[in-house]
Amino acid sequence: MQLTTTLPPLDRWKTAPSIDTLRSRYDASADQWHDNLARLGQLHDYELLFENPVVGDRLCHLDQTSHILDCGMGTGAFSLGLLGSIAQPVHVSGIDISTPMLIHAQQNLKHCCPKLDLRWGDIRRLPFADASFDAVIFAHVLEHMADPVATLCEMVRVLKPGAPLIGSVTRKGLGQLLMSLRWRNRGYAANQLNAFLQVAGLEAVRSFDYGTGWSKWMCIAAIGVKRG
């Protein structure tokens, strides 16, 4: 019997910002970005997410030979959350459209992992072979994508079968609407995010509310594993 998933309605986002627009805004924000995340409590909230037993159980296979990919890496905050939750250092690859963001990520991560492979690029066309990574993570990039399912499918393509995809997105609501005045970012409901992850080729999908503060009000996290 074939399993089918009914997607919540989401047309292609005709007003999604261009890559050039996003790049210029993130380039201009890079120097303050990590400090702003710290002030909002997101660095701590990311750590708590990766310490969640459900998430941790999907990462217990990681060892010194493992490779993870951070899509839309920014200053490396989401990778830092993951690295702080595992017993052994892993190889980290990251991709982002903003070179200044990647420069900050290099500084933030260079003492935390044995090998860094940071690249400028578009997460919709990842420069990696199929089934290359033992985990793929992303934080607050899906909101900018005109076709979020196609973007997720590209992330799943480079993921090894049975390996996890872990992501964080902006919650649909008043806070997201206010943010969209500058960033033109979309918001998601948990059931919508879960459905997209399933259609992209993941199973055992679960979404999470953050526990406290700004992230509880503004963000949703989710995890799933690649079928096969």
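Note that the structure is a prediction, hence the values are computed from the model and not measured.

Trainee: I keep staring at the overall build of the protein and nothing clicks. Help me out?
Mentor: Helix and strand counts for the protein stand at nine helices and seven strands. The buried share of the protein, reckoned over its 228 residues, is 51%. Surface exposure of the protein reaches about 10700 Å², of which carbon and sulfur atoms provide 53%.

Trainee: Looking at this structure, I do not really get the sheet that holds strand β6 (residues 202-209). What am I missing?
Mentor: Hydrogen bonds along the backbone pair up the strands of a sheet, which may run parallel or antiparallel. A sheet is described by the order of its strands in space; here seven strands give the open sequence β3-β2-β1-β4-β5-β7-β6, paired in mixed fashion. The open sheet terminates on both sides in strands that have one partner only, identified here as β3 (116-120) and β6. Each adjacent strand pair in this sheet contributes to an overall mean axis angle of 15°, direction not counted. Strand contacts of helix α8 (residues 190-199): β5 (164-170), β6 and β7 (219-226), with the helix running at about 160° to β6, the strand carrying the most contacts.

Trainee: Mind showing me how you'd approach the layout of surface pockets here?
Mentor: Any empty space left between the atoms is revealed when a probe the size of a water molecule rolls over them. Reported here for the largest pocket is a volume of approximately 720 Å³. Forming the boundary of the largest pocket are 36 residues, of which Y26, W33, A139, H140 and H144 lie nearest the centre. Listing elements by their share of the lining of the largest pocket, those giving two or more residues are α1 (19-40), α2 (42-51), α4 (77-83), α7 (174-183) and α9 (213-218). Of all the elements, α1 adds the most residues to the lining of the largest pocket, at nine residues. Here the lining of the largest pocket is built from residues that sort into 21 nonpolar, 11 polar and four charged.

Trainee: So what exactly am I meant to see when it comes to the pattern of salt bridges here?
Mentor: Pairing is possible between side chains of opposite charge, provided their charged atoms come close. Taken as a whole and judged by the stated rule, the model has eight salt bridges. A salt bridge links K160 to D134, with the shortest nitrogen-to-oxygen separation between them at 3.0 Å. Placement of K160 in the loop between α6 (148-157) and β5 and of D134 in the loop between β3 and β4 (135-139) is noted, with a sequence separation of 26 residues between them. Exposure remark for K160: the relative accessible area of 31% places this residue in the partly exposed category. Accessibility expressed as a relative area gives 11% for D134, which makes it buried. Note that R171 is salt-bridged to D209, the shortest N-O span being 2.7 Å.

Trainee: It is not clear to me how the packing of aromatic side chains should be interpreted in this structure. Could you clarify?
Mentor: What characterises a pair of aromatic rings is the spacing of the ring centres plus the angle enclosed by the ring planes. Taken as a whole and assessed by the stated rule, the structure comprises five aromatic pairs. With a centroid separation of 5.3 Å and an interplanar angle of 70°, the aromatic rings of Y26 and W33 are classed as edge-to-face. For Y26, a relative accessible area of 13% gives the class buried. Each member of the aromatic cluster is reached from another via a ring pair, and the members are Y46, F50 and F78.

Trainee: Can you walk me through the packing of α1 against helix α5 (residues 99-109) in this structure?
Mentor: Relative orientation of the contacting elements α1 and α5 amounts to 25°, with a least axis distance of 7 Å. Accordingly, the angle class assigned to the pair α1 and α5 is roughly parallel. Of the residues in α5, those in contact with Y26, D27, A30, D31, W33 and H34 of α1 are T99, P100, M101, H104 and N108.

Trainee: I keep staring at the side chain of S79 and nothing clicks. Help me out?
Mentor: Summarising the element assignment, S79 is placed in helix α4. At 2.7 Å, the side chain of S79 and the side chain of D70 are in polar contact. When sequence neighbours within four positions are dropped, the list of residues in contact with S79 reads D70, M73, V92, L109 and I137.

Trainee: Just checking my understanding: could you explain α2 for this structure?
Mentor: Helical geometry note: an α-helix holds 3.6 residues per turn, so side chains three or four residues apart project in the same direction. Taken residue by residue, α2 has Q42, D45, Y46, L49 and F50 as its buried positions. Projected down its long axis, α2 shows its buried positions confined to an angular sector of 135°, all on one face.

Trainee: Honestly, the confidence of the model for the protein in this entry has me stumped. Any pointers?
Mentor: Detailed reading of the predicted coordinates is not advisable wherever pLDDT falls low. Averaged over every residue, the pLDDT of the protein is 88; the share at 70 or more is 87%. Low confidence marks residues 1-14, where pLDDT is under 50. Its contacts with residues over four positions away, or in another chain, come to 28 contacts.

Trainee: I'm lost on α6 in this one. Help?
Mentor: Most of α6 is tucked away, with seven of its 10 residues classed as buried. Within the span of α6, buried status applies to P148, V149, T151, L152, E154, M155 and V156. The secondary structure elements touched by the buried residues of α6 are β1 (67-71), β4, β5, α8, β6 and β7.

Criteria and thresholds
- Within each chain, residue numbers correspond to sequence positions counted from 1 in written order.
- Residue-level local features of this predicted model are given only where pLDDT is at least 70; pairs of side-chain atoms are given and counted only at 80 or more, and the full residue set underlies all totals for whole chains, interfaces and linings.
- Only hydrogens and water are set aside when side-chain values are computed; all heavy atoms of the structure are taken into account.
- Helix and strand labels come from DSSP, where a helix needs a run of H or I of at least four residues and a strand needs a run of E of at least two; each type is numbered from the N terminus.
- Partly exposed describes any residue whose relative accessible area lies between the buried limit of under 20% and the exposed limit of over 50%, with all areas from a 1.4 Å probe on protein chains only and scaled to the type maximum.
- Accessible surface area values rest on a Shrake-Rupley calculation with a 1.4 Å probe, where residue burial reflects the displayed protein chains alone.
- Pairing between strands requires that DSSP locate at least two bridges from one strand to the other.
- With axes taken as lines fitted to C-alpha atoms, and helix axes fitted only over the stretch in contact, angles between N-to-C directions fall between 0 and 180 degrees.
- Every residue pair with non-hydrogen atoms within 4.5 Å of one another is taken to be in contact.
- Using a grid of 1 Å spacing that covers the protein atoms alone, one calls a set of points a cavity when a 1.4 Å probe fits there but cannot get out, and a pocket when the set is open and has protein on both sides within 12 Å along at least five of seven lines; lining residues are those with an atom within 4 Å of a point.
- Grid points are joined across faces, edges and corners, and a volume is the space filled by probe spheres set on the points.
- Three classes are used: nonpolar for Ala, Val, Leu, Ile, Met, Phe, Trp, Tyr, Cys and Pro, charged for Asp, Glu, Lys and Arg, and polar for all others, with Gly counted as polar.
- Put simply, a salt bridge is a Lys or Arg side-chain nitrogen that is within 4 Å of an Asp or Glu carboxyl oxygen.
- Here is the rule: rings of Phe, Tyr and Trp (six-membered ring for Trp) pair when centre to centre is within 6.5 Å. Planes less than 30 degrees apart are stacked, more than 60 are edge-to-face, and the remainder are tilted.
- Comment on the angle field: the value is read as roughly parallel under 35 degrees, roughly antiparallel over 145, roughly perpendicular from 65 to 115, and oblique elsewhere.
- Two N or O atoms count as a polar contact when they lie within 3.5 Å, although within protein this holds only if one can serve as hydrogen donor and the other as acceptor, and sequence-adjacent residues are included solely when both atoms are side-chain atoms.
- Throughout, the arc means the angular range of directions from the helix axis out to the C-beta atoms.
- pLDDT measures how confident the predictor is about each residue, on a scale from 0 to 100.

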